[in-house]
Amino acid sequence: MAVDPKTTCYDDTRAQSFQSYIQQSGQHKAVLRSLHKVLPGEFKRIGVDQSSLDVLSVGSGGGEVDVEILTLLQSTFPAVPITTDIVEGSTQLTDNFKALVTKTPNLQKIPFAWHLMSSENYETQVKVKGDMKKFDFIQMVQMLYYVDNLTDTITFYHSLLKNNGRLMIIIGAANCSYDILWKTYKKELGVGIVRESRSSAEVIACLKSLGLKYEEHDQPNSFDITECFNPSNQTGKNLLNFMTAKNNFYESFTPELRAGILNHIRNKCSTEKDGRVMFNNNMSCILVHA
């Protein structure tokens, strides 16, 4: 299938940086630890008396979190049919997700609808077609950084919830290291795929302005970024590319600005432990009621 480059969120270089970040940060493990505490009770409330369950995942990446969530939902309601719609802008990450599905036997019974496009393009498509499929559970994991209008995006996806549904948003916690870095260098960093810094603070302010009911759950996480300060280390380069939303950190800034960003990351965004530089990657899981 031909894909309009404008519909995709990640090119291959960006997808590679994302995969390096996921491996190094332990983000998925931190997310899953939290979700296994939070979601079983939520799923029991969502699925009561339902003859089928419909899930929408927006910005799924390689599908690692989705597979765990779907498995958890299946184990909660083993006899209830589940459908899943996937919205993801990266061809490479979507292919990774499909490969993961084929290796996960319990998911073979679940029909997947793949939407290779951005969140905004999916919204446009749904509105043009007038096909407002409703969902019991919608998940948006670390993807609200990439949308143009936060309020419009949350309003649209919230409108796709069934009466007892939940919208789950996972995003960097207020004052985490990313939040500090991007708010400090907003002008220099916010000129590409990510236009502005967003954290749980902005999301919660938006939910309050819309009058939506929600609960927030903390997801503590930190990871080692020592390699970021070795310009010959490829893992460090990939992490810096992802953290600054650039395809090549070392070619994207002047030497003075590059040095300033590295100094800020090390001295304002991180702590040292046993000689290693640790980056605060705390996240928030926000469950929004229909």
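One can find the structure itself at the top, above this paragraph.
A brief report on the enclosed structure follows. (Residues numbered from 1 in each chain as written. Predicted model: local features only at pLDDT ≥ 70, side-chain atom pairs only at ≥ 80, totals over all residues. Heavy atoms only, no water.)

## Some points on the environment of M278
- Looking at the element boundaries, M278 is found in strand β9 (residues 276-280).
- Along the chain, M278 and Q234 lie 44 residues apart, while their C-alpha atoms are 18 Å from each other.
- Setting aside residues up to four positions removed in sequence, M278 forms contacts with S222, F223, D224, C269, S270, T271 and K273. (Helix = DSSP H or I, 4+ residues; strand = E, 2+ residues; numbered from the N terminus. Contact = heavy atoms within 4.5 Å.)

## A few points about the environment of P81
- Tracing the backbone through its elements, the reader meets P81 in the loop between α3 (64-76) and β2 (82-88).
- The exposure class of P81 is partly exposed, given its relative accessible area of 48%.
- Those residues within four positions of P81 in sequence are excluded, and the remaining contacts are S51, S52 and L53. (Buried < 20%, exposed > 50% of the residue type's maximum accessible area, 1.4 Å probe, protein only.)

## Topic: helix α10 (residues 234-244)
- Across the 11 residues that make up α10, a large majority, eight, are buried.
- If you check which residues of α10 are buried, you get G236, N238, L239, L240, N241, F242, M243 and T244.
- N-cap assignment for α10: the residue whose side-chain oxygen lies 3.0 Å from the backbone N of T235 is N233.
- At the C-terminal side of α10, A245 shows a positive phi close to 55°. (Polar contact = N/O pair within 3.5 Å; in protein donor to acceptor, adjacent residues only side chain to side chain.)

## Re the packing of aromatic side chains
- Applying the stated criterion to the full structure yields 14 aromatic pairs.
- With a centroid separation of 6.0 Å and 80° between ring planes, the pair formed by F97 and F112 is classed as edge-to-face. With F97 in helix α4 (residues 91-102) and F112 in strand β3 (residues 112-116), this residue pair connects regions lying 15 residues apart in the sequence.
- On the accessibility criterion, F97 (0% relative accessible area) is buried.
- For F112, a relative accessible area of 18% gives the class buried.
- Connected via pairs of aromatic rings, a cluster forms that spans Y21, Y178, F223, F242 and F279.
- Sitting over the ring of F229, R266 keeps its end group 4.8 Å from the ring centre. (Phe/Tyr/Trp six-rings, centres within 6.5 Å; stacked < 30°, edge-to-face > 60°. Lys NZ or Arg CZ within 6 Å of the ring centre and 35° of its normal.)

## A few points about the packing of helix α7 (residues 177-184) against helix α12 (residues 255-268)
- Contact geometry for α7 and α12: axes closest at 10 Å, N-to-C directions at 145°. Every pair of crossing elements has a handedness; the one defined by α7 and α12 is right-handed. Along the contact surface, α7 presents I180, L181 and T184, while α12 presents I261, H264, I265 and K268.
- Here the contact of α7 with α12 is built from residues that sort into four nonpolar, two polar and one charged. (Axes fitted to C-alpha atoms, helices over the stretch in contact; angles between N-to-C directions. Left-handed = near helix turned anticlockwise from the far one by under 90°. Nonpolar A, V, L, I, M, F, W, Y, C, P; charged D, E, K, R; others polar.)

## Digging into the pattern of salt bridges
- A complete count under the given rule lists 11 salt bridges for this structure.
- Here E42 ties to R45 by a salt bridge, and the two come within 2.7 Å at their closest N and O atoms. You can see E42 and its partner R45 sitting in helix α2 (residues 27-47), three residues apart, about one turn around the helix.
- Of the residues examined, E42 reaches a relative accessible area of 6% and is grouped as buried.
- Among the residues examined, R45 registers a relative accessible area of 44% and is labelled partly exposed.
- Notably, a salt bridge pairs D224 with R276, separated by 2.7 Å at the nearest N-O pair. (Salt bridge = Lys/Arg side-chain N within 4 Å of Asp/Glu carboxyl O.)

## Let's talk about the state of the cysteines
- Per the counting criterion, the structure on display carries zero disulfides.
- Here C269 stays free of any disulfide, with the sulfur of C176 as its closest cysteine sulfur at 9.1 Å.
- Free of any disulfide, C285 has its nearest neighbouring cysteine sulfur in C176, separated by 15 Å.
- Looking at C285, the relative accessible area reads 0%, which means it is buried. (Disulfide = S-S within 2.5 Å.)

## Some points on the side chain of T244
- Considering the arrangement of structural elements, one finds T244 in helix α10.
- When neighbours within four sequence positions are excluded, T244 is seen to be in contact with W182, L189 and F249.

## Remarks on the nonpolar core
- Core analysis: the largest hydrophobic core is formed by 58 residues, its most contacted members being L56, Y122, I138, M140, L144, I169 and V203.
- Not counting residues within four places of it along the chain, the set of residues in contact with M140 comprises V58, T153, Y157, L167, M168, I169 and I170. (Core = buried A, V, L, I, M, F, W, Y, C linked by side-chain atoms within 4.5 Å.)

## Some remarks on the pairing of β3
- By the bridge criterion, five bridges tie β2 to β3 in an arrangement that is parallel. Residue pairing in the sheet places I86 in a bridge with W114 of β3. (Pairing = 2+ DSSP bridges.)

## With respect to the sheet that holds strand β7 (residues 222-224)
- Read across the open sheet, the three strands follow the order β7-β9-β8; overall the sheet is antiparallel. Looking at which strands have only one partner, the edges of the open sheet turn out to be β7 and β8 (270-273). Averaged over neighbouring strand pairs, the angle between their axes works out to 35° when direction is ignored.
- Docked against the sheet, α12 engages β8 and β9, running at close to 60° with respect to β8.

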